[in-house]
Amino acid sequence: MKMSALSAAAKSLEASARWCRNGLIISALLAGPAAHAASDAQVRIALSGGIDLLDPSRTANGPDVAIMTQIYETLLVLDKKTGELKPHLAKSFELKEPTLWEFKLRDDVKFHDGTPLTAADVKYSLERLLTPAINSPHYSQIASISEVKVVDDHTVQIRTKTPDPLLGRRMQPIGGSGRVFIVPKHYFETHSNQEVNDKPIGTGPYKLAEWRKGTSLTLERNPDYWGPAPDVARGRYTFIPENSTRVNALLQGDVDIIQRVPMSDVERIEKADNAKIVASMNGLVQTLLLDSRKPPFNDLRTRQAFVASLDINNIVTHLLGKYGRVLAVPLAPNVVQVDQSIQPYRPDRKLAKQLMDGKNIALNTYTSDGRYVADRDIYQAINAQLGSTGFKITPQVMEWGRLIGMMQSRSAGPFYIIGWDFGEGDASKMNSFLNSNSALSVTADPEYDKLAQEASAEMDEAKRTELWKQAQKLVHDKYYIAAVWQAASVYGFSKKLQWEALDGDNFDLATVKVIQK
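All residue numbers refer to position in the chain's written sequence, counted from 1. Under the rules for a predicted model, residues below a pLDDT of 70 receive no local features and side-chain atom pairs below 80 are neither given nor counted, while totals for whole chains, interfaces and linings still include all residues. Water and hydrogen atoms play no part in the side-chain values, which are based on all heavy atoms of the structure.

As named in an unreviewed UniProt entry, the protein is Periplasmic oligopeptide-binding protein, taken from Achromobacter insolitus. UniProt positions are given in the numbering used here, feature names are shortened, and annotations may be inferred rather than shown by experiment. Here is the UniProt Sequence similarities (unreviewed entry) comment for the protein, exactly as written: "Belongs to the bacterial solute-binding protein 5 family."

Written out as structure tokens, the structure is:
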């Protein structure tokens, strides 16, 4: 089945399967060049969380991905309007057998150091992700790969252990964890992990110009980019986790784009002369994960008591308003396998107290402040509700880069909030936080793992959907995730810029247009 753009057969498979105050400024979160004339615009961007890593094999952290998707690229991309897979670094792709994929590469792509892209780079990128010592957050979603073969300089074949209807979707940049970014084999093999992290080299529309860790990061347009040049010449990212400071920076003209606009400031920005709101309801799905691998949440009754203590609908309605919604399962509404018959948990504090049976459970926990919409406020409200039924919470606010590192080492405490990008629209994203093989999972349930494995190899869409529905019911009935809600992706933009939120929480610097200088 040949797929030079996207054949009907492929569609069927996927169904299965500023520098100064008066200057100009900007932010980012996806990848894909804009097809308009380049300008000399310089922009500044205020992110809500700091940058932790720029090694695409070792991070799926949102702020990291915001930068990496400008430096590194993928074999394929998703059409922003149709959701169909299209060639990118690959000029075509073909499913030659049920377990054999072939990708033919463009011959005009070079890394930032001038080295041509070859199939050996693709093979190296995949095998590095599959190396246990890397502890990659992407591993669980490409674990079906058994072999990567270089056919010639511009052809690579990927063999899977079983049919994998979603392998193509792992080769595009939307979706956070589970992505395969192509890195230069020659550079990674001759430099340490720290060196490739601090001085990344990719094929993307932007290059790293400067990184002042903990303060700012600057990207500059790649003059030798193989695709259309992006409109913005330079983007300087600063890190402002405090909400009011970030909003004031936008309104005072110190930055052009801010991430995670607090709900209380939306109207203020909408009324401003120099700023506007750009929003998408398809934001991150927030999950309140319980570490069920160890006490106290290895006990089902304790998990049930925790869940019954919470009125998450009241919290989301009060703090997010029209920009938030409670979900029953840890999947975005756009996911085709969502089980609509499952309902959100209902609060029942009487039941919670009965299950606690007079016990008090002390828990030391952590939260971010500004990484997600109203994250600290939601966390505080959750803790207050838990206190009424016997859970005694000792809270601590932690910088996001440090917190996500603890999550990846499974040491972030007994429960915490983390958001997930479901831009690819498939239930298999649950593996990132529920599969026992995932670095970000605090669940170890053989029954879930079995269902997920079967679903990942099932080519019949109806059967695959049924398996994922069984997995959703299992997760719901065992109270592995205490609450799920979705917050809209809300950005504050300078009126000098134009951008359309087509990919939810994924914001692409290369697609921003400068409409006023």
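Having put the structure on the table, let's press on.
(A) Inspection of helix α16 (residues 446-457) at higher detail. By definition, any uninterrupted DSSP run of H or I lasting at least four residues is a helix, any uninterrupted run of E lasting at least two residues is a strand, and each is numbered from the N terminus. Residue count minus one, scaled by 1.5 Å, sets the expected span of a helix. End to end, α16 covers 17 Å across twelve residues, agreeing with the expected 16 Å (1.5 Å per residue, within 8%). Against the buried residues of α16 lie α15 (431-434) and α17 (461-477). N-capping of α16 is provided by Asp 445, with a side-chain oxygen placed 2.8 Å from the backbone N of Glu 447. We call two residues in contact when some of their heavy atoms are within 4.5 Å. Identification of polar contacts relies on pairs of N or O atoms within 3.5 Å, with a donor-acceptor requirement for protein atoms, meaning one able to donate a hydrogen and the other able to accept it, and with residues adjacent in sequence counted only if both atoms are side-chain atoms.

(B) Quick peek at the sheet that holds strand β14 (residues 285-290). When DSSP finds two or more bridges between a pair of strands, those strands are recorded as paired. Overall, antiparallel pairing links the four strands, which are arranged β15-β19-β14-β18 in an open sheet. Among the strands making up the open sheet, the edge pair consists of β15 (324-327) and β18 (415-420). Put simply, the sheet's adjacent strands are angled 25° from each other on average, direction ignored. In this sheet, strand β19 (residues 481-487) lies alongside β14 in antiparallel orientation, the contact comprising five bridges. Along β19, the bridge assignment pairs Thr 287 with Val 484. Note on geometry: axes are C-alpha line fits, over the in-contact stretch for helices, and angles between N-to-C directions span 0 to 180 degrees. Sheet strands in contact with helix α13 (residues 375-387) are β14, β18 and β19, and its direction is about 145° off that of β18.

(C) Structural view of the sheet that holds strand β2 (residues 41-47). With mixed pairing, the seven strands of this open sheet are ordered in space as β9-β10-β11-β2-β12-β20-β13. Edge positions in the open sheet fall to β9 (206-212) and β13 (275-280), since each of these has one partner strand only. Here five bridges tie strand β10 (residues 216-221) to strand β11 (residues 232-239), and the two strands are oriented antiparallel to one another. Opposite Leu 217, over in β11, you have Tyr 237 as the bridge partner. Contacts from helix α2 (residues 62-71) reach β2, β9, β10 and β11 within the one sheet, and its direction differs from that of β10 by about 20°.

(D) Seen up close, the nonpolar core. If you look at the biggest cluster of nonpolar residues, it comprises 90 residues, and the most contacted ones within it are Leu 288, Phe 306, Ile 382, Phe 391, Phe 415, Ile 418 and Trp 485. At six residues, the largest contribution of residues to this core is made by β19. These domain boundaries are the output of an automatic or database domain assignment. Of the residues that make up this core, three or more belong to each of domain 2 (209-281 + 489-514) and domain 3 (284-487). What Phe 306 contacts, discounting residues up to four positions off in sequence, is Leu 288, Leu 290, Phe 297, Leu 386, Phe 391, Phe 415 and Ala 482. The definition of a nonpolar core used throughout is a set of buried Ala, Val, Leu, Ile, Met, Phe, Trp, Tyr and Cys residues joined through side-chain atoms within 4.5 Å. Buried, partly exposed and exposed residues are distinguished by accessible area as a fraction of the type maximum, computed with a 1.4 Å probe on protein chains only: under 20%, between the cut-offs, and over 50%, respectively. Ranked by size, the runner-up nonpolar core spans 67 residues in total, among them Tyr 72, Val 148, Met 171 and Ala 510.

(E) Quick peek at the packing of helix α11 (residues 312-320) against α13. Contact geometry for α11 and α13: axes closest at 10 Å, N-to-C directions at 150°. Between α11 and α13 lies a crossing whose hand is right-handed. Facing Ile 312, Ile 315, Leu 319 and Leu 320 of α11, the residues of α13 in contact are Asp 377, Ile 378, Ala 381, Ile 382 and Gln 385. Residue polarity is assigned by list, with Asp, Glu, Lys and Arg as charged and Ala, Val, Leu, Ile, Met, Phe, Trp, Tyr, Cys and Pro as nonpolar; anything else, Gly included, falls into the polar class. When the residues that make up the contact of α11 with α13 are grouped by side-chain class, the tally is seven nonpolar, one polar and one charged. Left-handed describes a crossing whose near helix is turned anticlockwise from the far helix through less than a right angle; right-handed describes the clockwise counterpart.

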